[in-house]
Amino acid sequence: MLNLAAIDLVSLGISTAKIIGLVFLTILPMVAYSVWAERRVSALIQDRIGPNRVGWAGLLQPIADGLKFILKEDFTPKHVRTGYYWLAPALTMVPALMTCAVLPFGSTLFGEKMVIADLDVGPLFVFAIASLSVYGIVLAGWASNSKYPFLGGVRATSQMISYEISLGLSVIPLFMIYGHLNLGKIVQYQAENGWALLPLWGESLQNWNWLLVIPVFISFIVFVTSMFAETNRLPFDLPECETELVAGYHTEYSSMKFALFFLGEYAAMIIGSGLAVTLFLGGWSLPFGWLTHAAGSDVPFWHGLVHIGVFLAKVVVFILFFIVVRWTLPRFRYDQLMRLGWVFFFEIALANIVITALILWLVTGPLNKEETEAPAEPTPAAQVSSIEQGMFDEPTLLVRETSTFRIQASSF
Amino acid sequence: MTFLFYIFAAIAVIGGIGVVVYKNPVSSAFAMILSFLGLAAIFIQLDAYLVGILQILVYAGAIMVLFLFIIMLMDVKEEEGKTFKFGAIVGAVLVVGGFTGALVKVLMESKIGNETIPALAEGGKSDVHEIGELLFSTYWFPIQIIGVLLLVATVGVILLSRKELK
């Protein structure tokens, strides 16, 4: 049954190296140091000094914190449901780290694609695994068997379910534009033809394609805001809302178990930033097609390293943005949060899909058929019905419809 | 990679048994999630990435969260004290055995059980593209009908859940 010869040891080794390199040597240290950055930036904003004693500028502080978490007494309160109480921190941490499997963190290095799993369902995989991370919080709230954590857990459930919808809907316009769901190919396309949010070179300048930046910008706003809600960051950190719920779902936790919740939150934030960078800001690519190579061609060693560096730099900038927002905006009230999710973002995301379809139709049809004529005629009925058809169906099914758009676009 | 299939199949079956055996509703719900994850892994092994991912996204990630939410909110305790009755066990075994037998017989005799479905062409369209193409060409009408049905159900639920009907 177990045929060892059939297992390709080389590819297994390469995958293991990528996993260790990305997850354990990149994301986990980034988690530790984004906590440090958070404390330093918040100190800067509030005119304090922040942790600056351990090592130069406090750079060894995360290591000291880690040691403290591990050495502290691991206290389990008597009234908790023990099994689930232990399971919850792990369930928060693991899905957050698993989602990085499909993120392309570089172009190629030694002819090897810099992504752990090159799936054709990349963004869906991220959403699927990220949707599992709510269990950790819910379980923590329930297993703690006390009132404040329970309220935190209940809030987390409804908040995450609500914002998952606008998060999913907000990226559909991008898939309509790119025509497929492979994150590696999406980044390659952006490297050659302009980032989604910065269409200043390649194909995006031709044939009115730059019009697409309008829906992409709306998508970006909805996506990033929903990301704040999904990762429970201020201004949407209602599940742990210190002023109302002590510390929310992790009130009863201490030592390393508490640290795991913390790490999970920051890991989710880093991977969310990575996804936003990949979808909207060109992933590993430099602007204006610098150091960009055609798909499948040889990438020199140092270009590969630069690409990895560029990706990490973009992610770091995004994390700093997360931190600055946290210390700038006040917390929303719970009903405001729900209203924002269901009444505004849900509708905006849906309307945005229609806008994207209309613009794609304009770009592929009227605007480019006769170069001089302005598109004054109303939408043909057939077109409207095909867009409505898209609206009521499963989000992913739109892909087919729009990939035909792209084929048409390239044939013009 | 047959051994992976056995691992995931075992996870799915153990989860399925757990749903029935656990008396605590929360434990049952988690066993069900485990079972869904095992199933999703088997789908992905068959190169049906979209089906596998949707299994996690829709069932494990959305529907079971709501289940769990309701269980926790209601704080269901009635089930915990219950013991299994002899008659119920015999009935369950008979029903499950009957269905399994019927399924095995159908699979042995029909061509589904004896024919290997051709794999997706290497380097061709992904399964997402194939499914999307079918849904928007061959099956566009059923999709519309299902969409309308779900819309009606949603409107109905909103109407029914209002406290005072006018």
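Presented here is a report on the structure given in the accompanying data block.

Scoring rules and cut-offs
- Residues numbered from 1 in each chain as written.
- Chains lettered and ligands numbered in written order.
- Predicted model: local features only at pLDDT ≥ 70, side-chain atom pairs only at ≥ 80, totals over all residues.
- Heavy atoms only, no water.
- Helix = DSSP H or I, 4+ residues; strand = E, 2+ residues; numbered from the N terminus.
- Buried < 20%, exposed > 50% of the residue type's maximum accessible area, 1.4 Å probe, protein only.
- Contact = heavy atoms within 4.5 Å.
- Salt bridge = Lys/Arg side-chain N within 4 Å of Asp/Glu carboxyl O.
- Patch = residues over 30% accessible without salt bridge, like charges linked within 9 Å, V, L, I, M, F, W, Y side chains within 5 Å.
- Areas by Shrake-Rupley, 256 points an atom, 1.4 Å probe, with all protein chains shown as cover.
- Core = buried A, V, L, I, M, F, W, Y, C linked by side-chain atoms within 4.5 Å.
- Buried area = accessible area lost by both parts, 1.4 Å probe.
- Polar contact = N/O pair within 3.5 Å; in protein donor to acceptor, adjacent residues only side chain to side chain.

## Regarding the overall build of chain B
Within chain B one finds 6 helices and 0 strands. Its helices and strands taken in sequence order, chain B reads α-α-α-α-α-α from the N to the C terminus. Counting across all 166 residues of chain B, residues that qualify as buried make up 25%.

## Concerning the overall build of chain A
Helix and strand counts for chain A stand at 15 helices and 2 strands. Sequence separation of at least 24 residues holds for 77% of the intrachain contacts in chain A that already meet a minimum separation of 6.

## So, unusual backbone geometry
Residue and element names in this part refer to chain A. Positive phi, normally seen in glycine, also occurs at Ala-57, with a value near 55 degrees. Inspection of the secondary structure puts Ala-57 in the loop between helix 1 (9–45) and helix 2 (61–71). When its relative accessible area of 23% is taken as the criterion, Ala-57 is described as partly exposed. Not every positive phi belongs to a glycine, and Asn-145 is a case in point at roughly 60 degrees. Secondary-structure assignment places Asn-145 in the loop between helix 5 (134–143) and helix 6 (147–178).

## Quick notes on the pattern of salt bridges
Applying the stated criterion across every chain yields a total of 5 salt bridges over all chains. Notably, a salt bridge pairs Glu-38 of chain A with Arg-326 of chain A, separated by 3.7 Å at the nearest N-O pair. With Glu-38 of chain A in helix 1 and Arg-326 of chain A in helix 11 (residues 301–326), this pair connects stretches of sequence that are 288 residues apart. An identical accessibility class is assigned to Glu-38 of chain A and Arg-326 of chain A; each is buried. Lys-105 of chain B is the partner of Glu-109 of chain B in a salt bridge, and the nearest nitrogen-oxygen pair spans 2.8 Å. Of this pair, Glu-109 of chain B and Lys-105 of chain B both sit in helix 4 (residues 86–109), separated by 4 residues, roughly a single helical turn. Here the two residues Glu-109 of chain B and Lys-105 of chain B agree in accessibility, since each one is exposed.

## Side note on the environment of Ala-357 of chain A
Positionally, Ala-357 of chain A belongs in helix 12 (residues 334–364). Counting along the chain gives 142 residues from Ala-357 of chain A to Pro-215 of chain A, while the straight-line C-alpha distance between them is 9.6 Å.

## Some thoughts on a nonpolar patch on the surface
Residues and elements named next belong to chain A. Taken together, Ile-165, Trp-342, Val-343, Phe-344 and Ile-348 make up a surface patch of nonpolar side chains, about 400 Å² in accessible area. Looking at which element gives the most residues to the nonpolar patch, the answer is helix 12, with 4 residues. Inspection of the secondary structure puts Phe-344 in helix 12.

## Thoughts on the nonpolar core
Ranked by size, the top nonpolar core spans 120 residues in total, and within it Tyr-135, Leu-174, Phe-223, Leu-275 and Leu-279 of chain A together with Phe-30 and Leu-68 of chain B carry the most contacts. Of all the elements, helix 6 of chain A adds the most residues to this core, at 12 residues. Apart from the residues within four sequence positions on either side, Leu-279 of chain A is in contact with Val-171, Leu-174, Phe-175, Tyr-178, Leu-183, Ile-186, Gln-190 and Ala-196 of chain A.

## Comments concerning the interface of chain B and chain A
Contacts between the two partners involve 35 residues from chain B and, on the opposite side, 36 residues from chain A. Here chain B meets chain A over a buried area of about 3400 Å², counting both sides, of which 79% is carbon and sulfur. On inspection of chain B and its partner chain A, the count reaches 0 salt bridges. At the boundary of chain B with chain A, the tally comes to 4 residue pairs in polar contact (both at pLDDT 80 or more).

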